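Chain residues, written in single-letter form:
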Amino acid sequence: MDIKRKCYFFILLTVITIFISGCRENSVETDKAVTLTWQTVNERVQKTSKLTDYDTAAQNGITYYFESGIFNEEDRLGYVADVDALYCKVRELLPDIANRDVTIYVGNSLTTQGVSGQAFIQSQDMLTCQGMTAVLLSAMSETVNYGQAYGITAHMCRELGLSDYVKKSQYSNEELAAYYKNQGKLCLLDFFLPVFEAQYVDEETAEYAQAGAASFEEYYIGQTGLENALLMCVQSSQPELDRSLEKEKNEWLKSIGAEGSYQAASYVIPFSHNLNDNRDKYPYIIFTESAEWFPALADVNLMGYADFIGGLADTLHYQEADFAQAREVLHDYIESDIPAVTIYTNFADDSDLAQIYGAIYFVGNYIRIGILHNAICCTNTSII
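Residues numbered from 1 in each chain as written. Predicted model: local features only at pLDDT ≥ 70, side-chain atom pairs only at ≥ 80, totals over all residues. Heavy atoms only, no water.

Asks: If you had to explain the state of the cysteines to someone new, which residues and values would you point to?
Replies: A full pass over the atoms with the stated rule returns zero disulfides. No disulfide involves Cys129; its nearest neighbouring cysteine sulfur is the one of Cys157, lying 5.7 Å away. In this structure Cys129 comes out as buried when scored by relative accessible area, which is 4%. (Disulfide = S-S within 2.5 Å. Buried < 20%, exposed > 50% of the residue type's maximum accessible area, 1.4 Å probe, protein only.)

Below is the structure:
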């Protein structure tokens, strides 16, 4: 009798185990098999795009817009599940920061970028680390350091099993060490947005920047944890805080066998993509309190990335104090509340003068700002 009872108990336990296992398996499949109701709208979602039909639906605080006629249902739902996984992890770690609803656009005519509450993703970037980085950036409230966000995204994609989004690095740590042994390459470790795209730099340099950011953040997360890395990324939007991670980057360089010594830029430059019609000549905008800067691509080519960015960082470091001094001197001649001025750099067209004065900045149609020894003068006529 006892043996029979034991047999019954064993059979019952086996059945219950199979049943529970089946339920768990079905729940996982249900999580992945998202069902969404799509609506088609016709919108122009970005300055660089045209009026386009998008299929839109929302889930878990994220509204998706997929350009119509490009993606099948399986691709869309798979992408929604992947984005949801990444965003849920960010919300878990940063509940006070990543708590806003966001909108994600995917289409052929878009420029890939992430801004607070929105991610715009070019179709060919959808399954890339750049595309997922735009998703992460949409969770942030400010323009944060792009390279930190890129490296964190690469780590999170691997951690969450989204390895399709992370291109296997073609550079080993030994190759990275040899590359960053060159002191002239260490400026890439500022992780400013332009070095991750082939605009200010060539394709190979961009690839080394991507590999370097991913390797560094993997090292840094291993030392301090993912939550701390995300907090450092969020705080990188505050120039008054020292969040360059200079010490940690030098420790990483040492860990991979590089002999160089990295020195952070004097100012964290908040680059954003320029979506205006002049973006071919001025690919990026820098938004600051007193000015909106449009660095010319020709000027970067003329001076070289390292020299241009070094000089620009020094200029921005002193900019607010210089503008405040200029306002004080001219307070009888200008309005008390002056909006941010627009500054286009123009060295290439006046390269001889640029060699003499270090820099000439043309602002609007009526005012020029000349920068010499970190002093800014404002006048209705050229100071040259």
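So, next bit.
Asks: Residue-level account of the packing of aromatic side chains, with values.
Replies: In total, this model carries 26 aromatic pairs according to the counting rule given. Three or more aromatic residues joined by ring pairs form one cluster here, namely Tyr146, Tyr150, Tyr171, Tyr179, Tyr180, Phe191, Phe196, Tyr208, Phe216, Tyr220 and Trp252. Here the guanidinium or amino end of Arg76 rests over the ring plane of Trp38, the centre of that ring lying 4.2 Å away. The side chain of Lys249 reaches across the aromatic face of Phe191, ending 4.3 Å from its centre. (Phe/Tyr/Trp six-rings, centres within 6.5 Å; stacked < 30°, edge-to-face > 60°. Lys NZ or Arg CZ within 6 Å of the ring centre and 35° of its normal.)

Asks: Outline the packing of helix H5 (residues 173–180) against helix H6 (residues 203–224), supporting the account with residue identities and numerical values.
Replies: Between H5 and H6, the shortest axis-to-axis distance is 11 Å and the interhelical angle comes to 115 degrees. When the axes of H5 and H6 are compared, the crossing they make is left-handed. For the pair H5 and H6, the contacting residues are Asn173, Glu175, Leu176, Tyr179 and Tyr180 in the first and Thr205, Tyr208, Ala209, Ala211, Gly212 and Ser215 in the second. (Axes fitted to C-alpha atoms, helices over the stretch in contact; angles between N-to-C directions. Helix = DSSP H or I, 4+ residues; strand = E, 2+ residues; numbered from the N terminus. Left-handed = near helix turned anticlockwise from the far one by under 90°. Contact = heavy atoms within 4.5 Å.)

Asks: Any chance you could break down the pattern of salt bridges for me, citing the residues and the numbers?
Replies: For the structure on display, the rule yields five salt bridges. One salt bridge connects Asp55 with Arg76, and the closest N-O pair in it is separated by 2.8 Å. With Asp55 in strand E2 (residues 52–59) and Arg76 in helix H2 (residues 73–93), the pair connects residues that are 21 residues apart, well separated along the chain. Residue classification places Asp55 among the buried residues on the basis of a relative accessible area of 13%. Classification of Arg76 by relative accessible area gives buried; the value is 10%. In this structure, Glu92 engages Lys89 in a salt bridge whose closest nitrogen and oxygen atoms are separated by 3.8 Å. With Glu92 and Lys89 both in helix H2 and three residues apart, this pair spans about one turn of that helix. What makes Glu92 exposed here is its relative accessible area of 55%. Overlapping salt bridges, with partners in common, bring together Asp55, Glu73 and Arg76 in one network. (Salt bridge = Lys/Arg side-chain N within 4 Å of Asp/Glu carboxyl O.)

Asks: Could you give an account of the packing of helix H4 (residues 146–159) against helix H7 (residues 226–235), naming the residues involved and the relevant values?
Replies: The interhelical angle for the contact between H4 and H7, taken along N-to-C directions, is 155 degrees, at an axis separation of 10 Å. One way to sum up the angle between H4 and H7 is to call them roughly antiparallel. Considering how the two elements wind past one another, H4 and H7 form a crossing that is left-handed. Of H7, the residues touching H4 (which contributes Gln148, Ala149, Ile152, His155, Met156 and Glu159) are Leu226, Ala229, Leu230, Met232 and Cys233. Among the residues making up the contact of H4 with H7, the classes are represented as eight nonpolar, two polar and one charged. (Parallel < 35°, antiparallel > 145°, perpendicular 65-115°, else oblique. Nonpolar A, V, L, I, M, F, W, Y, C, P; charged D, E, K, R; others polar.)

Asks: Could you give an account of H4, with specific residues and numbers?
Replies: End to end, H4 covers 20 Å across 14 residues, agreeing with the expected 20 Å (1.5 Å per residue, within 8%). Most of H4 sits out of view: 12 of its 14 residues are buried. Turning to H4, its buried residues number three or more, namely Tyr146, Gly147, Gln148, Ala149, Tyr150, Gly151, Ile152, Thr153, Ala154, His155, Met156 and Cys157. Of the surrounding elements, those touching the buried residues of H4 are H2, helix H3 (129–138), H6 and H7. In this structure Asn145 caps H4, since a side-chain oxygen of it lies 3.2 Å from the backbone nitrogen of Gly147. Just past H4, the residue Gly161 takes up positive phi, approximately 80 degrees. (Expected span 1.5 Å × (residues − 1). Polar contact = N/O pair within 3.5 Å; in protein donor to acceptor, adjacent residues only side chain to side chain.)

Asks: Break down the side chain of Thr288 for me, citing the residues and quoting the values.
Replies: Assignment of secondary structure puts Thr288 in the loop between strand E8 (284–287) and strand E9 (291–294). Note on Thr288: relative accessible area 13%, which makes it buried. Polar side-chain contacts of Thr288 include one of 2.6 Å to the backbone oxygen of Ala291. Engagement of the side chain of Thr288 in a polar contact is seen with the side chain of Gln319, the distance being 2.8 Å. Once residues within four sequence positions are removed from consideration, Thr288 is found in contact with Tyr267, Trp293, Leu316, Gln319, Glu320 and Ala340.

Asks: So what's going on with the nonpolar core? Residues and values would help.
Replies: What tends to happen in soluble globular proteins is that the nonpolar side chains get buried as a cluster. Counting residues in hydrophobic clusters, the biggest one holds 99 residues, and the most contacted among them are Tyr79, Ile104, Ile269, Phe271 and Tyr305. Discounting chain neighbours no more than four positions away, the residues touching Tyr305 are Cys187, Leu188, Phe192, Pro194, Val195, Tyr200, Val201 and Val300. Judged by nonpolar contacts, the second largest core, of six residues, contains Val45, Tyr65, Tyr105 and Phe120. (Core = buried A, V, L, I, M, F, W, Y, C linked by side-chain atoms within 4.5 Å.)

Asks: Summarise the pairing of E2; cite the residues concerned and give the values.
Replies: Across the eight residues of E2, six count as buried, placing the element largely inside the fold. Two elements, strand E1 (residues 39–43) and E2, share five bridges in a ladder whose sense is antiparallel. Each bridged residue has a counterpart across the sheet, and for Val41 the counterpart in E2 is Tyr54. Pairing of E2 with strand E3 (residues 62–67), which is carried by six bridges, proceeds in the antiparallel orientation. Across the sheet, residue Ala58 finds its bridge partner in E3, namely Thr63. Counted between consecutive antiparallel strands, the loop separating E2 from E3 contains two residues, among which Asn60 sits at a positive phi close to 50 degrees. (Pairing = 2+ DSSP bridges.)

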